[in-house]
Amino acid sequence: MAPSVEASTCVGTIKRSALAPDLPPVLEIGGLTTRFPVQRRFRVVGQVHAVEQVKLTVRHGETLGLVGESGCGKSTTGRSIIRLERPDDGEIRLNREDV
C-alpha cells in the first residue's frame, strides 16, 4: 500500500504514520525567540522582535520550507536554528539532543 499524502496547492506533506511512526523527531524547535538591540548614541533604547515563539517539528522523511513576506524573520529563524545568531529564548533539539 502506498503512503498517504496530504496535498495543498504547492506542497505535499507525507503523514508521519506513512514513514516511520516509531522514530522520534529529527528536529524540534520550541519557543524560539530572537531579538536585536536598537542603539542610539551608544545606548540600547529598544529591541527589534525579529522572531517570537517559533514552534515546529520535523520528522524523518519530511521537508520544511519557510515561506513569508520580506522581512518577516525567515532568515533569522534559520540562522538562529543553526546558531549563527544567538536566540534569546527557546529550545532546539536535534535527534533529541539540545543544541
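Here goes a summary of the coordinates provided. Predicted, not measured: the structure shown is a model, and the values here were computed from it. (Residues numbered from 1 in each chain as written. Predicted model: local features only at pLDDT ≥ 70, side-chain atom pairs only at ≥ 80, totals over all residues. Heavy atoms only, no water.)

With that settled, the discussion passes to unusual backbone geometry. Positive phi, close to 50°, is recorded for Arg41, a residue that is not glycine. Residue position: Arg41 is located in the loop between strand 3 (27–40) and strand 4 (43–58). Phi at Phe42 takes a positive value of approximately 70°, unusual for a residue other than glycine. The residue Phe42 is located in the loop between strand 3 and strand 4 in this model. (Helix = DSSP H or I, 4+ residues; strand = E, 2+ residues; numbered from the N terminus.)

What follows covers the sheet that holds strand 4. Overall, antiparallel pairing links the 4 strands, which are arranged 4-3-5-6 in an open sheet. Both edges of this open sheet fall to strand 4 and strand 6 (97–98), since each of them pairs with a single strand only. The pairing of strand 3 with strand 5 (residues 89–94) spans 5 bridges and is antiparallel. If you follow Leu27 over to strand 5, its bridge partner there is Leu94. Taken strand by strand, helix 2 (residues 74–81) contacts strand 3, strand 4 and strand 5, and its axis lies near 115° from that of strand 3. (Pairing = 2+ DSSP bridges. Contact = heavy atoms within 4.5 Å. Axes fitted to C-alpha atoms, helices over the stretch in contact; angles between N-to-C directions.)

This part is about the pairing of strand 4. A regular strand places its side chains so that they alternate between the two faces of the sheet. In this sheet, strand 4 lies alongside strand 3 in antiparallel orientation, the contact comprising 11 bridges. Residue pairing across strands places Glu28 opposite Thr57, the latter belonging to strand 4. Once strand 3 ends, the chain turns through 2 residues before running back antiparallel as strand 4, passing Arg41 with a positive phi of about 50°.

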